[in-house]
Protein chains: 2
Amino acid sequence: MPDEPETHVDVAALSTLLDGRYKTVRDQVRANLVERKDVLGDAESMTSSEFRERVKDVVVELAGTGQTGYGFPQEYGGGGDIGASVAAFETSAFGDLSVLVKLGVQFGLFGGAILQLGTERHHKEYLERLVSADLLGAFAMTETGHGSNVQALGTRAVYDPENEEFVIDTPDAASRKDYIGNAAVHARAAVVFAQLEVAGVEQGVHAFVVPLRDEKGRTLSGIDISDCGPKIGLNGVDNGRISFHGVRVPRTALLNKYADVTESGEYVSAIDNADRRFFTMLGTLVQGRVCVGGAGINASKVALVIAIKYALRRRQFGPPGTDKETLLLDYGQHQRRLLPLLARTYALHFAQERVSADLHRVFTDPDSASERLRRALESRAAATKALGTWHASRTIQECREACGGAGYLSVNRFDALRADTDVFTTFEGDNTVLMQLVAKGRLTDLRDSFGSLDQIGMVRYVAGIAVETVVEKTAMRQFIERLQDAVPGGGQSDDPDAGLLDPAYHLSMLRWREDHLTSSVARRIKTGVDRGGDPAEVFSVAQDHVIKAAWAHGERLVLEAFHTKIENTPTGSNRDVLNMLSDLYALSVIEADRAWFMEHGRLSAGRSKAVVSMVNELCRKLRPHAADLVDAFGVPRELLRTELI
Amino acid sequence: MPDEPETHVDVAALSTLLDGRYKTVRDQVRANLVERKDVLGDAESMTSSEFRERVKDVVVELAGTGQTGYGFPQEYGGGGDIGASVAAFETSAFGDLSVLVKLGVQFGLFGGAILQLGTERHHKEYLERLVSADLLGAFAMTETGHGSNVQALGTRAVYDPENEEFVIDTPDAASRKDYIGNAAVHARAAVVFAQLEVAGVEQGVHAFVVPLRDEKGRTLSGIDISDCGPKIGLNGVDNGRISFHGVRVPRTALLNKYADVTESGEYVSAIDNADRRFFTMLGTLVQGRVCVGGAGINASKVALVIAIKYALRRRQFGPPGTDKETLLLDYGQHQRRLLPLLARTYALHFAQERVSADLHRVFTDPDSASERLRRALESRAAATKALGTWHASRTIQECREACGGAGYLSVNRFDALRADTDVFTTFEGDNTVLMQLVAKGRLTDLRDSFGSLDQIGMVRYVAGIAVETVVEKTAMRQFIERLQDAVPGGGQSDDPDAGLLDPAYHLSMLRWREDHLTSSVARRIKTGVDRGGDPAEVFSVAQDHVIKAAWAHGERLVLEAFHTKIENTPTGSNRDVLNMLSDLYALSVIEADRAWFMEHGRLSAGRSKAVVSMVNELCRKLRPHAADLVDAFGVPRELLRTELI
């Protein structure tokens, strides 16, 4: 049995802290979901097409409550508050995830593209109808043979100046639009991404609004739509495949915020560089990534509530000679499985709050946002999305296994949770590809700071790297490390535990890892290019190194967001417990990568063992607070559906 | 593009090597599965109850082909060949896994319990009917509140001497039989595990044959059966819950091989010790574990065939200035994801072949098998089952992610593969619990060897541990390690790559880890007990350490099995490629645990980095053979079902 804790969590206060600025919005969504909780079981009793209709109906109903329109201008029936729209979407992840994803397709992708890439004429024509869910739409970007590499899409849009129309075509099987949500049954229109050709000149990928079906749902001429069929999860969403055969749309169908074709048939854009234009267009879609990351983090909370509450009820084996078996959560191994994931969920929650606030700032006043701020937002969104969705896959699976055979029954929610979230790591940017974008951003920053360093600064920088490299290669590194650790905040000295719970030590470790990985990737790429290699190829060969650097960057951002939050929390029990969670998050990160830290002379063997022991110790200390910590997530009991707790 | 390989795999020969002694049996099963390949899609088009009927029909048909009866005596319509029965079951994992699990319930669990725990009277009454699938049955062990801790089951069987009957009862909700395969619809009888009470004395858990339904499928009086409902996967299997209320069965319903109640109402057993009796009974059920481990390994093969073939077809991004995008499998990161899993699948395949051969030996002539041999089999079976099924979960998930959005569609098989195999880590012994059994076995061995050491040997042994401990704690360990590595086969010296591909080095590393973990657990437990701790509690506190020791033991057994297989393979290209796979398996294992090796002074930082680089290098070298290596698994094309390749 655990000792009685000295500190007591104030669950209501912690819940309010987690809900943050948009508590009212989140509570509205909770109530809306509870009212429609039956949808959580419908996938099991309905046929696939009945379930798709049911999910569509829920989406339309939710549109009626206003919870889905926060991101759109008030003049078109929206709420005019981007932060609120992210909060509403994230919170929807407590409910059925087919509903969530269909909301995302309709309001985030389809609606978001028209809002961000279109101009007033498109807003007037479509926004009000799509905000009310009167017009359902799709986002037709991905193709069978072209996923992450959007610039290589095959669908074509050739401008016909005679008729002032674009002619849209699918040239080959690989260019068929694929996995498109809402396409198989419900969408009446789609935003279609295609290679634009004007007067024989290729202008790259652009987006067009293309009608797919008439009012009665009949597919329009020139368009073939087939059904993707059953999927691992999200079977309430009707994914489909679309081919176009000489489909004509008017000149005004081009979403023309960043480029246009004039009445006289001329291609014009305020952004000269084609690459820059393309990435500016894509950049406006960042909200989708922020939303999916948040949804992954909130789905993890649902799994943790069930698994931790179950572990506080279910007993198994126990000390001989006693009648009572031991609670699962009193096993060290079981704490190890669940509590570091709980700590990481808290950490990611606050990181998500940060990226969502950044998004709100940039998009609420887009003209005043600097290029640098936009780039930082895109990078942070990509990192948080990747870490948040990988975390969801891992956490939900671990929680299901921690509930044994009971976790295998659909009624206990893990079935849909894990099947539905599984593709989160793939859509809205494949995580592996996103991590490479993050790393590229970091390398660009590095180049920028190179640029601004004076001659002497540059020499110092390079010399710094060289010293570090030599140090690694000699037995001296052990001594150097001790010297480094001897400075305040990182103290090693005689006591291997000294400073282990110092937040400054955690941050310094995560920063050091990030800087080392980024500068060594930079060096590796520079050397490769200096030797005559093609930059893209050199980058590709260093792929694992690149991704690791991005991962390190992301985990450091998460820790900083957690620290900032704690600094702004009043002292008291809740702050004490948040500190423990932050310690557990940071030390779990270091523990998971301790081989790397040792390889690079930043952790001695003894210190590394101390980290492992401290993770165990922190799990033990957090054990008495586990129930309060999951209660604070505020997942309504009705949505847990489970028989287990 | 990869270089043309110098060696070429002889796929047919490698396939024959993999199929081994039971190639004919495996080919028979392949043909049977191909003939019924439609069942792979039926879960998507049928209702749950239609699918259950379909799966039942397939099971009955397969019984007609003889493939399911190999494990039973020929006089009852079986094949009398235990090894063949494991081969047939394993190979069935290439097909639908609901069929596989229903086969396992009927012939492995229900049939196996009657065969192994019953005597001639039970064999005569049941075997022929169950081998022909005329009598379908269930294996009612697990209860809602009692899973892995079988000794704590709550179901009761009280002997009534008056009527020479047992009265079977479910005393409370926690003692309801739960998750029982075949129970919800099809089983007409069950082997029920219950606490036996004879003349007021508790005799522990025993097994009884209890009729559940009449010929028309109506549940018998005193028995309540409910349906577990939809599950994450395996929805072709009708899992149910059973409660008993004063159900009477005759005295002869007790499966009485190890204990009986005589006509005069006396409890008798040849095994005096109750614990030993219980574990002897459970020990006879080891075949189920061997089968599930093999099924997990074979399911992994299916996933790898699809993901690797897809990665040899799908292109994405590529060098600028060229038209052609790059094949997925030419990305280092993609090789990293898939090829170490391929190597581990080969390694586990041969480990499985070994445990299956051991099982065949012990059970073909049970009377001549020593206690030691049995114990070794149980330990090996537990370790292989846990490693094989964890491997399946990880591999199938990684393969699905490696196929991106396409992997998410049910038609590409990952859906059912991963949902169905997910519970393999839980049933037939929860992996975490099994690993503790493995560790306990190792500790017992250690105690035995303590016992047989003379005084001086003991002193040396203990002193050895002490020196090692001191060495870890001083900076000297770096130098010691270099000395150790300087011996032939482990050479470090100036070249950090020296000896990295020496099988003897791999084995010495895995042995060292295992010995160190086992002896340190022993020491920890001994210290804990010496200080007055309860042995079971001390064991429980050291749980993560215990499980790690078992893991290390299992991975060493797997490597040895691989080495033995290679030694018996004729020299040539196939052997060369197997050597590469063995190297990759071993170095991946070391790489995954390199933090531990560094912490314990067995790997220097430089050497550790060299291991990581060598894993990359081996992936690159195996890349040209990847297609051949998955083809050799002999998964029929018809069973892949996928559109991807």
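Residues numbered from 1 in each chain as written. Chains lettered and ligands numbered in written order. Predicted model: local features only at pLDDT ≥ 70, side-chain atom pairs only at ≥ 80, totals over all residues. Heavy atoms only, no water.

Asker: Tell me about the overall build of chain A, and name the residues and values.
Answerer: Secondary structure summary: chain A contains 23 helices and 13 strands in total. For 645 residues, the compact-globule estimate of 2.2 N^0.38 gives 26 Å, and the C-alpha radius of gyration of chain A, at 26 Å, lies within 12% of that figure. The principal-axis extents of the C-alpha atoms in chain A amount to approximately 85 × 70 × 40 Å. Counting all 645 residues of chain A, 60% fall into the buried class. In chain A, once contacts between residues fewer than 6 apart in sequence are set aside, the share between residues at least 24 apart is 75%. In the structure as shown, chain A presents an accessible area of about 24600 Å², 52% of it carried by carbon and sulfur atoms. Side-chain charges in chain A split into 74 positive and 88 negative, and the spacing between the mean points of these groups amounts to 3 Å. (Helix = DSSP H or I, 4+ residues; strand = E, 2+ residues; numbered from the N terminus. Rg over C-alpha atoms; globule rule 2.2 N^0.38 Å. Buried < 20%, exposed > 50% of the residue type's maximum accessible area, 1.4 Å probe, protein only. Contact = heavy atoms within 4.5 Å. Areas by Shrake-Rupley, 256 points an atom, 1.4 Å probe, with all protein chains shown as cover. Lys, Arg positive; Asp, Glu negative; His and termini not counted. Charge placed at Lys NZ, Arg CZ, Asp CG, Glu CD.)

Asker: Give me the lowdown on the packing of aromatic side chains, citing residues and values where you can.
Answerer: Residues and elements named next belong to chain A. Under the defined criterion, the tally for this structure stands at 20 aromatic pairs over all chains. Here Phe-278 and Phe-279 contribute two aromatic rings whose centre-to-centre distance is 5.0 Å and whose plane-to-plane angle is 75°, an arrangement assigned as edge-to-face. The partly exposed category is assigned to Phe-279, whose relative accessible area is 44%. The ring of Tyr-505 is capped by Arg-607, whose NZ or CZ atom sits 4.5 Å from the centre of that ring. (Phe/Tyr/Trp six-rings, centres within 6.5 Å; stacked < 30°, edge-to-face > 60°. Lys NZ or Arg CZ within 6 Å of the ring centre and 35° of its normal.)

Asker: Explain the pattern of salt bridges to me, using residue names and the numbers behind them.
Answerer: Residue and element names in this part refer to chain A. Evaluated as defined, the whole model comprises 92 salt bridges over all chains. Residue Lys-56 is joined to Glu-53 by a salt bridge in which the shortest nitrogen-to-oxygen separation is 3.6 Å. Linking Lys-56 with Glu-53, this pair stays in helix H4 (residues 48-65), spanning 3 residues, or about one helical turn. Its salt-bridge partner being Asp-178, residue Arg-176 comes within 3.5 Å of it at the nearest N-O pair. Looking at Arg-176, the relative accessible area reads 26%, which means it is partly exposed. Each of Arg-344, Arg-513, Lys-548, Glu-555 and Asp-593 takes part in one network of salt bridges that share partners. (Salt bridge = Lys/Arg side-chain N within 4 Å of Asp/Glu carboxyl O.)

Asker: Outline the packing of helix H9 (residues 286-311) of chain B against helix H11 (residues 371-402) of chain B, listing residues and values.
Answerer: All names here are of chain B. Closest axis-to-axis distance for the H9/H11 pair is 8 Å, and the angle between their directions is 25°. As far as their axial angle goes, H11 and H9 are roughly parallel. Considering how the two elements wind past one another, H9 and H11 form a crossing that is left-handed. Among the residues forming the contact of H9 with H11, the class breakdown is 15 nonpolar, 8 polar and 3 charged. (Axes fitted to C-alpha atoms, helices over the stretch in contact; angles between N-to-C directions. Parallel < 35°, antiparallel > 145°, perpendicular 65-115°, else oblique. Left-handed = near helix turned anticlockwise from the far one by under 90°. Nonpolar A, V, L, I, M, F, W, Y, C, P; charged D, E, K, R; others polar.)

Asker: Provide a residue-level description of the nonpolar core, including the pertinent values.
Answerer: The biggest cluster of nonpolar side chains holds 405 residues, and the ones touching the most others in it are Phe-193 and Tyr-346 of chain A together with Phe-193 and Tyr-346 of chain B. Beyond its immediate chain neighbours, meaning those up to four positions away, Phe-193 of chain A contacts Leu-117, Phe-139, Ala-140, Met-141, Glu-143, Leu-153, Thr-155, Lys-177, Val-205, His-206, Ala-207 and Leu-285 of chain A. (Core = buried A, V, L, I, M, F, W, Y, C linked by side-chain atoms within 4.5 Å.)

Asker: Talk me through unusual backbone geometry; I want residue IDs and the actual numbers.
Answerer: Notably, Leu-234 of chain A is not glycine yet its phi reads approximately 55°, a positive angle. Relative to the elements of secondary structure, Leu-234 of chain A occurs in the loop between strand E7 (223-227) and strand E8 (240-244). Phi is positive for Glu-164 of chain B, close to 50°, though the residue is something other than glycine. Within the fold, Glu-164 of chain B resides in the loop between strand E2 (156-160) and strand E3 (165-169). We classify Glu-164 of chain B as partly exposed; its relative accessible area is 33%.

Asker: Would you mind going over the pairing of E2 of chain B in detail, with residue names and values included?
Answerer: All names here are of chain B. Pairing between E2 and E3: 5 bridges, direction antiparallel. Its bridge partner lying in E3, Tyr-159 is registered against Phe-166. Joining the antiparallel neighbours E2 and E3 is a turn of 4 residues, in which Glu-164 adopts a positive phi near 50°. Here 3 bridges tie E2 to strand E5 (residues 189-198), and the two strands are oriented parallel to one another. Looking across to E5, one finds that Val-158 is bridged to Glu-197. (Pairing = 2+ DSSP bridges.)

Asker: Account for helix H7 (residues 120-131) of chain A, naming residues and giving values.
Answerer: Residue and element names in this part refer to chain A. Compared with an ideal rise of 1.5 Å per residue, which puts 12 residues at 16 Å, H7 spans 15 Å between its outermost C-alpha atoms and is within 8% of the ideal. Every buried residue belonging to H7 is among His-122, His-123, Tyr-126, Leu-127, Leu-130 and Val-131, and all of these are buried. Mapping the buried residues of H7 onto a view down its axis gives an arc of 120°, with all of them on the same face. When the buried face of H7 is taken as reference, the exposed residues oriented beyond 90 degrees from it are Lys-124 and Glu-128. Turning to H7, the residues buried within the fold contact H4, helix H6 (97-117) and strand E6 (201-211). A positive backbone phi angle near 65° is found at Ala-133, which sits one or two residues after H7. (Expected span 1.5 Å × (residues − 1). Arc of directions from axis to C-beta.)

Asker: Any details on the relation of the copies chain A and chain B? Residues and values, ideally.
Answerer: Mapping chain A onto chain B calls for a screw motion: a turn of 180° about the axis and a shift of 0.0 Å along it, with 0.0 Å RMSD after fitting. On the angle and the small slide along the axis, the relation comes out as a two-fold axis. Across chain A, the smallest distance between a C-alpha and the rotation axis is recorded for Ala-595 of chain A, namely 2.1 Å. In this assembly the copies share their binding face: 100% of the residues contributing to the interface of chain A also contribute to that of chain B. (Least-squares fit on C-alpha atoms with pLDDT ≥ 70 in both.)

Asker: Give a detailed account of helix H11 (residues 371-402) of chain A, specifying residues and quantitative values.
Answerer: In a regular helix each residue adds 1.5 Å, so 32 residues correspond to 46 Å; H11 of chain A covers 46 Å between its end C-alpha atoms and thus fits that length. Looking at the residues trailing H11 of chain A, positive phi occurs at Gly-404 of chain A, about 55°.

Asker: Can you break down the side chain of Arg-52 of chain B residue by residue, with the values?
Answerer: All names here are of chain B. For Arg-52, the location among the structural elements is in helix H4 (residues 48-65). Using a relative accessible area of 7% as the deciding quantity, one classes Arg-52 as buried. A distance of 2.8 Å separates polar atoms of two side chains, one belonging to Arg-52 and the other to Asp-227. Once you skip the residues sitting within four places of it in the chain, Arg-52 turns out to touch Ala-184, Val-185, His-186, Asp-227, Asn-235, Gly-236, Val-237, Asp-238 and Asn-239. (Polar contact = N/O pair within 3.5 Å; in protein donor to acceptor, adjacent residues only side chain to side chain.)

Asker: Account for the side chain of Thr-432 of chain B, naming residues and giving values.
Answerer: Residue position: Thr-432 of chain B is located in helix H13 (residues 431-452). Setting aside chain neighbours within four positions, we find Thr-432 of chain B in contact with Gln-333 and Arg-337 of chain A together with Trp-390 and Ile-547 of chain B.

Asker: Tell me about the environment of Val-60 of chain A, residues and numbers included.
Answerer: All names here are of chain A. For Val-60, the location among the structural elements is in helix H4. For Val-60, a relative accessible area of 34% gives the class partly exposed. Taking C-alpha positions, Val-60 is 9.1 Å from Leu-103, a pair spaced 43 residues apart along the chain.

Asker: Residue-level account of the pairing of strand E6 (residues 201-211) of chain B, with values.
Answerer: Residues and elements named next belong to chain B. The pairing of E5 with E6 spans 10 bridges and is classified as antiparallel. Residue pairing in the sheet places Leu-196 in a bridge with Gly-204 of E6. What sits between E5 and E6 in their antiparallel hairpin is a turn of 2 residues, with Ala-199 showing a positive phi close to 50°.

Asker: Which residues make up the interface of chain A and chain B, and what values go with them?
Answerer: Facing 69 residues of chain A, the contacting portion of chain B comprises 70 residues. Contact between chain A and chain B buries roughly 5600 Å² in total, counting both sides, with carbon and sulfur atoms accounting for 49%. Looking at the side of chain A facing chain B, the largest losses of area belong to Ile-232, Tyr-408 and Glu-599 of chain A, adding up to 14% of the total buried there. On the surface where chain A and chain B come into contact, there are 6 salt bridges. Residue Asp-422 of chain B pairs with Arg-418 of chain A through a salt bridge whose shortest N-O separation is 3.2 Å. Broken down by class, the residue content of the side of chain A that touches chain B amounts to 24 nonpolar, 24 polar and 21 charged. (Buried area = accessible area lost by both parts, 1.4 Å probe.)

Asker: So what's going on with the environment of Asp-422 of chain A? Residues and values would help.
Answerer: Position of Asp-422 of chain A among the secondary structure elements: in the loop between helix H12 (414-421) and helix H13 (431-452). The spatial distance from the C-alpha of Asp-422 of chain A to the C-alpha of Gly-112 of chain A is 24 Å, given a sequence separation of 310 residues. Residue contacts for Asp-422 of chain A: discarding those within four places in its chain leaves Ile-232 and Ser-393 of chain A together with Gln-397, Arg-400, Glu-401, Tyr-408 and Arg-418 of chain B. Engagement of the side chain of Asp-422 of chain A in a polar contact is seen with the side chain of Arg-418 of chain B, the distance being 3.2 Å.

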